[in-house]
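Understanding the architecture of this molecule
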Amino acid sequence: MKHFLLVAPLLLSGCATTCVAGADVGMIRIESARFNGTNAPISTVYISNVMRDGQAISSQDALGYPMVGGEILNARVEGNSIVCNTACAFAHPGNYSFDVSAANAVTQKVNINIPARKKGLFGCGGVTTGTPVTLNLKFDATS
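Bear in mind that the values here come from a model prediction, so they are computed numbers and not experimental data.

A word on the nonpolar core. Counting 30 residues, the largest nonpolar core has Ile28, Ile30, Val45, Ile47, Phe90, Phe98 and Phe139 as the members making the most contacts within it. Ranked by residues supplied to this core, first place goes to strand 1 (residues 28–35) with four residues. Leaving out residues up to four positions away in the same chain, Phe90 has contacts with Gly26, Met27, Ile28, Ile30, Ile47, Ala62, Leu63, Ile82 and Phe98.

Written out as C-alpha cells, the structure is:
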C-alpha cells in the first residue's frame, strides 16, 4: 500500500503536466509581418478589438493569462492591446476577429476560425485543444 501512495501522486502530477502542456493557448500564430512592396520586416504588431464567437473579450483572455499568466510565446498585454513580437502565438479555439496594427502601417481586420478538437485517450478528461492557424501578415505603409 505504501508503494501505491507514492506512485499515485506521480501519476496525477503527470496528468496535470500533460493537460497544461497541451492547453489551448497559442492557436493563432503570427509567424511574420512585412510591408507590401518593400517586403521589409515588421518586428512588432499590436492586436486589439478582439472578438471570440461574436463576443468582445479582453486582451488578457485572448492571450490566455487566466490559464498560465505571464508572457506567452513573445506576446504580452499592454493597455487594451496584445503586443506581439513576431513570431508570437495567442488565443484558444473559437471564431475570432481582431484588428492588427504596426508602426507606419495601415491597420487591418483579421477573421480566423480555430476548430476545436478533443485530445486523445491520455488527454486528461476530455481537454479540448485547437488546430493552430499560422499568419504571415502583409501591411500597406501609411502615407
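Below, the discussion takes up the state of the cysteines. By definition, a disulfide links two cysteine residues through a covalent bond between their sulfur atoms. Counted by the stated rule, this structure contains one disulfide. Disulfide partner of Cys84: Cys88, at an S-S distance of 1.9 Å. Judged by the sign of its S-S torsion, about -105°, the bond between Cys84 and Cys88 is left-handed. Take Cys84: its relative accessible area is 0%, and that puts it in the buried class. Since its relative accessible area comes to 3%, Cys88 is described here as buried.

Calculation criteria
All residue numbers refer to positions counted from 1 along the written sequence of the respective chain. Selection of residues for local features in this predicted model requires a pLDDT of at least 70, selection of side-chain atom pairs for listing and counting requires 80 or more, and totals for whole chains, interfaces and linings are taken over all residues. Excluded from the side-chain calculations are hydrogens and water; all other atoms, namely the structure's heavy atoms, are used. What makes a nonpolar core is a set of buried Ala, Val, Leu, Ile, Met, Phe, Trp, Tyr and Cys residues whose side-chain atoms join them at distances within 4.5 Å. Residue exposure (1.4 Å probe, protein chains only): buried if accessible area is under 20% of the type maximum, exposed if over 50%, otherwise partly exposed. Per the convention used, a helix needs a DSSP run of H or I reaching at least four residues, while a strand needs a run of E reaching at least two, with both numbered from the N terminus. Contacts between residues were defined by any pair of non-hydrogen atoms, one from each residue, lying within 4.5 Å. Note on terminology: pairs of cysteine sulfur atoms within 2.5 Å are recorded as disulfides.

Scope: geometric values only; no functional claims are made or implied.
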